[in-house]
Amino acid sequence: FRDISLPILSFFQMLRSLPKFQTSAFVARSVMERFELPKRLQDSTPSVWNEYIALAMQYKPLNLGQGFPDDPAPEFVIQALVDIAKGENPLLHQYTRGYGHIRLVQALAKLYSILVGQSLNALSEILVTSGAYEALYSTIMGHVDVGDEVIIIEPFFDCYEPMVKMAGGVPRFIPLKLNKAEGPISSADWMLNDTELERLFNPKTKMIILNTPHNPTGKVFNRRELERIAELCRKWNVLCLSDEVYEWLVFDGAEHIRICTLPGMWERTITMGSAGKTFSVTGWKIGWAYGPASLIRNLQMVHQNCVYTCPTPLQEGVARSFELELSRLGQPESYFISLPRELKKKRDFMAKFLSEAGMRPTVPEGGYFMLADWSPVAHKADLSSEPDKRRDYQFTKWMTKNKGLQGIPPSAFYSEPNKHLGEDFVRFCFIKKQDNLDKAAELLSQWR
């Protein structure tokens, strides 16, 4: 006992011999080292959203950066929630089934059985999640093991990479590259290099993350592109995580093809959707994943031990909204048709005023974001006051502070080696009130 106590006594004698401020600093440092981020999180950095929300709060610009509507949500969606809140069923305010409210999974099963051409089991092939964000998390944490490689197409939704790393996986990146130097640009002009894509697949590859319609380019992957990805998935026995939250937002006759419908892909695809994107209620944070029961089971294990269940009234509201849409599916009054019809006008308006301001917009085939090459107007902006390493961060912060208009820097959506590919661009969101789009056009017209 005395031998063990000697080092402890020596430690406290050493502390007593130090000046008080040194003792405090030593203890503080010891505490910090003890409780620093665990290794699986040490590559994590604050997200671009946290930084730019704070910037918007400080400078109060016209915010065309974040992807949420500022028009009222559809009346039938809001009324569903009002009816639930005022209704006589007390159980709609209590916990519901952990893997998804029965009425909602039944509505989702009915809808996607039509869309994918096979009957979905509502109880075993669909999981309701806390937004599509949690569907991503549960899929990656549930299927990626230490050392597994995951192919990520750049630019990518910024949570893909840290989620893969948290699971112990190894991200492998391939960028979409713009293959058009002059004239109008379409999101279809952003393409994968087939040789680079094929080279990434190997026996360690566990998953590829596909996002179509794509954020931020607006690309809608065509059948040929999807068939090539599917061919490589089948060849190497790879799981496809298909992020399809913008599935209803396609324009100009572009076709959204669900990769799970291609030959040999149902059994190796997990597809996710979002009520926030489908019904313009991003604050409800209701999402879902669907696929074969053998794959969804892994997500259920993650979900039940973190979120467990999602808000009952919101799930009920989404279910009622889907039931209405199912009754008018494919008809002109369907919100799935009317929303993209309205958004196309806003898309075209934004492309016009960005072009008139001297930028080169990429006209999206889907989604509600638009990339614009700002390099042609770089000479008009004095970025010397902005210390950021990346030019797109400098430009978007300068524009926020000096022009009262906020966009998002796309280099945030690239891996470190490829961040330079996004530096000449800025991302804007066009699912905004027409008044705000008019204001944005006016702000940029003053810059000309």
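For the structure, see preceding data.
Summarised in this report is the structure supplied together with it.

How each quantity is defined
- Residues numbered from 1 in each chain as written.
- Predicted model: local features only at pLDDT ≥ 70, side-chain atom pairs only at ≥ 80, totals over all residues.
- Heavy atoms only, no water.
- Phe/Tyr/Trp six-rings, centres within 6.5 Å; stacked < 30°, edge-to-face > 60°.
- Helix = DSSP H or I, 4+ residues; strand = E, 2+ residues; numbered from the N terminus.
- Lys NZ or Arg CZ within 6 Å of the ring centre and 35° of its normal.
- Contact = heavy atoms within 4.5 Å.
- Pairing = 2+ DSSP bridges.
- Core = buried A, V, L, I, M, F, W, Y, C linked by side-chain atoms within 4.5 Å.
- Buried < 20%, exposed > 50% of the residue type's maximum accessible area, 1.4 Å probe, protein only.
- Salt bridge = Lys/Arg side-chain N within 4 Å of Asp/Glu carboxyl O.
- Expected span 1.5 Å × (residues − 1).

1. So, the packing of aromatic side chains
Item 1. Enumeration over the complete set of coordinates arrives at 24 aromatic pairs.
Item 2. With 5.3 Å between their ring centres and 85° between their planes, Tyr246 and Tyr368 make a pair best called edge-to-face. Taken together, the positions of Tyr246 in the loop between strand E9 (239-243) and strand E10 (269-274) and Tyr368 in the loop between strand E12 (360-363) and strand E13 (369-373) put the pair 122 residues apart, joining distant regions of the chain.
Item 3. Put simply, the rings of Phe76, Trp248, Phe279, Trp288, Phe322, Tyr335 and Phe336 pair up and form one aromatic cluster.
Item 4. Across from the ring centre of Phe369, 3.6 Å away, lies the NZ or CZ of Arg427, which sits over that ring.

2. What to know about the environment of Thr271
Item 1. Structurally, the position occupied by Thr271 is in strand E10.
Item 2. Separated by 136 residues in the primary sequence, Thr271 and Ala135 have C-alpha atoms spaced 9.0 Å apart.
Item 3. Discounting residues that sit within four places of it in the chain, Thr271 has contacts with Ser242, Glu244, Cys260, Trp288, Ala289 and Tyr290.

3. Here we look at the sheet that holds strand E15 (residues 425-429)
Item 1. Here four strands make up an open sheet; going across it, the order is E6-E12-E13-E15 and the pairing mixed. The strands lining the two open edges of the sheet, one partner per strand, are strand E6 (185-186) and E15.
Item 2. Pairing analysis gives five bridges linking E13 to E15, with the strands arranged antiparallel. The residue bridging Ala372 from the neighbouring strand is Val426, located in E15.

4. Re the nonpolar core
Item 1. Ranked by size, the top nonpolar core spans 69 residues in total, and within it Phe322 and Met359 carry the most contacts.
Item 2. The contact partners of Met359, leaving out residues within four places of it in the chain, are Leu354, Ala372, Asp373, Trp374, Val377, Phe395, Val426, Phe428, Leu444 and Trp447.
Item 3. Residues Leu55, Ala135, Phe156 and Ala167 belong to the second largest nonpolar core, which totals 32 residues.

5. So, the pattern of salt bridges
Item 1. Under the criterion given, the structure shown has 28 salt bridges.
Item 2. One salt bridge connects Glu149 with Arg172, and the closest N-O pair in it is separated by 2.7 Å. Remark: Arg172 occurs in strand E4 (residues 170-175) and Glu149 occurs in strand E3 (residues 149-154); sequence separation between them is 23 residues.
Item 3. When its relative accessible area of 10% is taken as the criterion, Glu149 is described as buried.

6. Overview of helix H12 (residues 312-327)
Item 1. Helix length check: H12 (16 residues) gives 23 Å between terminal C-alpha atoms against 22 Å at 1.5 Å per residue, within 8%.
Item 2. Taken together, the buried positions of H12 are Thr312, Leu314, Gln315, Glu316, Gly317, Val318, Ala319, Ser321, Phe322, Glu325 and Leu326.
Item 3. Packed against the buried residues of H12 are helix H4 (75-86), helix H5 (102-116), strand E2 (126-129), helix H10 (275-278), strand E11 (287-290) and helix H13 (335-356).

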